[in-house]
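Each chain, letter by letter, is given below.
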Amino acid sequence: MRTRLVTVLLALITAILVIPGQAATADEQGGEGLHGQITRPEDRDHGVEGIVISVFQGGDEIAAAETGPDGMWEVELPEPGEYRVVVDQESIPSEFAVRETALVVDGEATVVVDAGDRRPLIVALVPADEAAGSGSPSPSESGEAEPSESGGETAVEGESLAAESVEGGFGERFAQLGVKGLIYGLVIAISAIGLSLIFGTTKMINFAHGDMVTFGAMVALLFSTGASGTGNALVALFLGLAVAVALGAFFETRIGRTALLLGQWSAILLGVVAATALGLMGDAVGWQVPLWGAAVIAVLLGAVLGAGMERYIWRPLRHRNVALIQMFIVSIGLALVLRHVILVVFGVGRSQYAGYQIQDLIDLGPISLPPRDLVIMGLSVLVLVAVACMLQFTRIGKAMRAVSDNRDLSESSGIDVDRVTLYVWGLGGGLAALGGVLYGLSEIVEYEMGFRLLLLMFAAVILGGLGTAYGAMVGGLAVGLVAMLSTLWFPSQLMQAWALALMILMLLFRPQGLLGRRERVG
């Protein structure tokens, strides 16, 4: 077990050194900025386009931005300091007016931006005839955008909910951060289950798992804002891949190899042709679904992505007896490929799920949460319970646990380990995509968001016990709580460091993890 853990840590260090590369975003290089979203007061799912926002330093205008179709705007700042943000009243549609708050007065606000800070700013609209009596939008009467409400600073720094936004006495702050840590941990747990099961069944660390999280968030964003050429092409391509994988899973032992290969590659080729045709049609075939429908599509495509990677990359490598360390290197390369494909297909832009950023808080005693956090918590608990019941009571779940415990013994007992491994990869891909959607509800969706969550997923898996899904659940909750509660005493920039420190302590004193078991090596 110790030898295996040393190998995992060495591979993890390699990934940390290699993967970020030159793909680091401007945020990670210390750039300052302001951003936000202006939505229609009667329908926060739709933005208001064409509103001009100017930023002044002293008496000089240094930047300006115009809201896009989704109401999003963003400006780059030259340096930290105090800035005056002005909303051009003439660019606002006549039926709306800027809501007055303690910070936003007559369409102007003064904000202080620290070094490396990409600060969110809430500018809310009200009907013109109600402008005089309107109150503040949601997070606070001051009009400052808390990171928990806009997903700004948290997404940039790879953190969740900033401690600075939690006010009150120690008890109130402890309760508030504890709940936020629980939500953060639930998202990590859902994303990490597949990572742990994949290791248990194949003894391989999937460094592309973080990018599968990003894939889910991006797909949900695409289909919730309107799918046309790109969305239709993705559906056609993944439908062809799904048919090919299903043919291999159910007919591999029933028909000849030549006929099977012909059917599989015909399905993939048809998918490619259909994707090309739909992509060329562009906006001619456009459609849109609500976010919950987009999340279902993302989970299905994520499952197909995971199963396809297993069927056409990892299974052939295993059958050729490729060493684990070589497969680690392949998975690092696959992570780079997947990340940059996401970058090319979806772009480098930073977006948010419309209608889920500016929400009125719900007070539950000393705890105040937006409705989306309650949805994240409830859905995460339901999914974790469903996965646990599947693993505990269903035939395929028992087979997954058996293969994870002892692959060779399972194979000699008559279990089709290749098919079980395929199901594990499909389950892992689907859960990773769902984790990406939930993570994107409170974070800015961009092409490196999953990579920033990857280290915490590794910490959760190692803390709970390598290869066990229940360990990933417990480890995810522990990592989320430690990361968030650490901000009571230490700067929020160190929250991930304390979670990783907990992982190191676990390796020193109980290397098998909380729910793992000792194994004899040699």
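If you're wondering where the values come from, they're calculated on a predicted model, not measured in any experiment.

Asker: Talk me through the overall build of the protein; I want residue IDs and the actual numbers.
Answerer: The number of helices and strands found in the protein is 16 helices and 13 strands. Across the protein, the fraction of contacts at a sequence separation of at least 24, relative to all contacts at a separation of at least 6, is 75%. Put simply, the protein shows about 22000 Å² of open surface, and 62% of that area lies on carbon and sulfur atoms.

Asker: Any details on the layout of surface pockets? Residues and values, ideally.
Answerer: Approximately 780 Å³ is the volume found for the largest pocket. Residue lining of the largest pocket: 31 residues in total, with Asp70, Leu221, Ser224, Thr225 and Gln352 positioned closest to the centre. Contributing elements (two or more residues each) for the lining of the largest pocket: β1 (32-37), β3 (43-47), β6 (72-77) and α5 (209-225). It is α5 that provides the largest number of residues to the lining of the largest pocket, a total of five residues.

Asker: Please give an account of the pattern of salt bridges that cites residues and values.
Answerer: For the structure on display, the rule yields eight salt bridges. Where arginine 339 meets aspartate 211, a salt bridge forms, and the shortest distance between an N and an O atom there is 2.8 Å. Taken together, the residues arginine 339 in helix α9 (residues 324-346) and aspartate 211 in helix α5 connect sequence positions 128 residues apart. On the basis of relative accessible area, arginine 339 is assigned to the buried category, the value being 0%. Across the pair glutamate 446 and arginine 452 runs a salt bridge, and its minimum N-O distance is 2.1 Å. Of the two residues, glutamate 446 and arginine 452, neither departs from the other in class, the shared state being buried.

Asker: Could you give an account of the confidence of the model for the protein, with specific residues and numbers?
Answerer: Parts of the prediction with low pLDDT should not have their coordinates interpreted in detail. Summarising the model, the protein shows a mean pLDDT of 77, and 83% of its residues fall at 70 or more. Low pLDDT (under 50) marks residues 14-30, which in the prediction has 28 contacts with non-local residues, meaning those over four places away or in another chain. pLDDT under 50 marks residues 133-165. Its contacts with residues more than four places away, or in other chains, come to 112 contacts.

Asker: Lay out the sheet that holds β1 in plain terms, naming residues and giving numbers.
Answerer: Judged by pairing direction, the sheet is mixed, and its three strands sit side by side in the order β6-β1-β10 without closing on themselves. Unpaired on one side and paired on the other, β6 and β10 (118-120) mark the two borders of the sheet. Within this sheet the neighbouring strands show an average axis-to-axis angle of 20°, counted without direction. Alignment of β1 against β6, held across six bridges, turns out to be antiparallel. Looking at the pairing, glutamine 37 lines up with methionine 72 of β6.

Asker: So what about the sheet that holds strand β9 (residues 108-113)? Which residues, and what values?
Answerer: Read from one edge to the other, the open sheet built from four strands follows the order β5-β4-β7-β9, with strand pairing classed as antiparallel. Strands with a single pairing partner mark the edges of an open sheet, and in this sheet they are β5 (60-66) and β9. Direction aside, neighbouring strands of the sheet carry axes that sit 25° apart on average. Relative to strand β7 (residues 81-87), strand β4 (residues 52-57) is paired through four bridges, and the arrangement is antiparallel. Bridge assignment links phenylalanine 56 to a residue of β7, and that residue is arginine 84.

Asker: Outline the packing of aromatic side chains, supporting the account with residue identities and numerical values.
Answerer: Overall, the coordinates contain five aromatic pairs when judged by the stated rule. Ring centres 6.3 Å apart and planes at 50° place the aromatic pair tryptophan 265 and tyrosine 312 in the tilted group. In this pair, tryptophan 265 sits in helix α7 (residues 257-281) while tyrosine 312 sits in helix α8 (residues 291-319), placing the two residues 47 residues apart along the sequence. In this structure, arginine 311 packs its charged tip against the face of tyrosine 312, placed 5.4 Å from the ring centre.

Asker: Explain the nonpolar core to me, using residue names and the numbers behind them.
Answerer: Ranked by size, the top nonpolar core spans 107 residues in total, and within it Tyr184, Ile193, Phe223 and Tyr353 carry the most contacts. When residues in this core are grouped by element, the largest group, 15 residues, is from helix α4 (residues 170-202). Judged by nonpolar contacts, the second largest core, of 25 residues, contains Trp73, Val104, Val123 and Leu125.

Asker: Please give an account of helix α14 (residues 449-464) that cites residues and values.
Answerer: Along its 16 residues, α14 runs 23 Å from first to last C-alpha, staying within 8% of the 22 Å computed at 1.5 Å per residue. Of all bends in α14, the biggest is about 30°, found at leucine 455. Burial analysis of α14 places 15 of its 16 residues in the buried class, which makes it a mostly covered element. Phi for glycine 465, located one or two positions after α14, is positive at around 125°.

Asker: Describe in detail the packing of α14 against helix α16 (residues 495-509), supporting the description with residues and values.
Answerer: Put simply, α14 and α16 touch, their axes get as near as 9 Å, and they point 30° apart. Put simply, α14 runs roughly parallel to α16. Crossing hand, α14 versus α16: left-handed. For the pair formed by α14 and α16, the contact residues are Arg452, Leu455, Leu456, Phe458, Ala459, Ile462 and Leu463 on the first element and Gln496, Ala499, Leu500, Leu502, Met503, Met506 and Leu507 on the second. Its residues assigned to classes, the contact of α14 with α16 comprises twelve nonpolar, one polar and one charged.

Asker: Which residues make up the pairing of β5, and what values go with them?
Answerer: The sheet contact formed by β4 and β5 spans six bridges and is antiparallel. Residue valine 55 lies in a different strand from β5, and its bridge partner there is alanine 63. Counted along the chain from β4 to the antiparallel partner β5, the turn is two residues long, and its residue glycine 58 has a positive phi close to 70°.

Asker: Quick one: what's the story with unusual backbone geometry, residue by residue and with numbers?
Answerer: Located in the positive-phi region is lysine 203, a residue other than glycine, with phi close to 60°. Looking at the secondary structure, you find lysine 203 in the loop between α4 and α5. On the basis of relative accessibility, which here comes to 29%, the residue lysine 203 falls in the partly exposed class. Non-glycine residue asparagine 321 carries a positive phi angle of around 55°. With respect to the helices and strands, the residue asparagine 321 is situated in the loop between α8 and α9.

Asker: Would you mind going over the environment of arginine 419 in detail, with residue names and values included?
Answerer: With respect to the helices, strands and loops of the structure, arginine 419 is situated in helix α13 (residues 417-441). Overall, arginine 419 belongs to the partly exposed group, its relative accessible area being 26%. For the pair arginine 419 and phenylalanine 250, spaced 169 residues apart in the sequence, the C-alpha separation amounts to 8.9 Å. Ignoring any residue separated from it by four or fewer positions in sequence, one finds arginine 419 in contact with Ala249, Phe250 and Arg315.

Cut-offs applied
The numbers attached to residues start from 1 for each chain and follow its sequence in the written order. Thresholds applied to this predicted model are a pLDDT of at least 70 for local features of residues and 80 or more for the giving and counting of side-chain atom pairs; totals over whole chains, interfaces and linings are not thresholded and use all residues. Think of the side-chain values as coming from all heavy atoms in the structure, minus any hydrogens and water. Numbering of helices and strands runs from the N terminus; a helix is a DSSP stretch of H or I covering at least four residues, while a strand is a stretch of E covering at least two. Throughout, a contact is declared for two residues whenever any of their heavy atoms are within 4.5 Å. Each accessible area value is a Shrake-Rupley result obtained with a 1.4 Å probe; residue values ignore everything except the protein chains displayed when judging cover. We place a 1 Å grid over just the protein atoms. Points where a 1.4 Å probe fits but has no way out form a cavity, open points with protein on both sides within 12 Å along at least 5 of 7 lines form a pocket, and any residue with an atom within 4 Å of a point lines it. Grid points are joined across faces, edges and corners, and a volume is the space filled by probe spheres set on the points. One speaks of a salt bridge when a side-chain nitrogen belonging to Lys or Arg is within 4 Å of a carboxyl oxygen belonging to Asp or Glu. To sort residues, take the accessible area from a 1.4 Å probe on protein chains only and compare it with the maximum for the residue type: under 20% means buried, over 50% means exposed, and anything in between is partly exposed. Scored from 0 to 100, pLDDT records how confident the predictor is in each individual residue. Whether two strands pair depends on DSSP finding at least two bridges between them. The convention used is that axes are lines fitted to C-alpha atoms, helices contributing only their stretch in contact, and that angles between N-to-C directions extend from 0 to 180 degrees. Any Phe, Tyr or Trp ring, taking Trp's six-membered ring, that has another such ring centre within 6.5 Å forms a pair; planes under 30 degrees apart are called stacked, those over 60 apart edge-to-face, and the others tilted. By definition here, charges over rings are those cases where NZ of Lys or CZ of Arg is within 6 Å of the ring centre and within 35 degrees of the ring normal. Among buried residues, those of type Ala, Val, Leu, Ile, Met, Phe, Trp, Tyr and Cys that are joined through side-chain atoms within 4.5 Å constitute a nonpolar core. Helix span, expected: 1.5 Å multiplied by one less than the number of residues in the helix. What we call the bend at a residue is the angle made by axes fitted to the seven residues finishing there and the seven residues starting there. Any angle that falls under 35 degrees is termed roughly parallel, while one over 145 is termed roughly antiparallel, one within 65 to 115 roughly perpendicular, and all others oblique. What makes a crossing left-handed is the near helix being turned counterclockwise from the far one by less than a right angle; a clockwise turn instead makes it right-handed. Classes in brief: Ala, Val, Leu, Ile, Met, Phe, Trp, Tyr, Cys and Pro nonpolar; Asp, Glu, Lys and Arg charged; the others, Gly included, polar.

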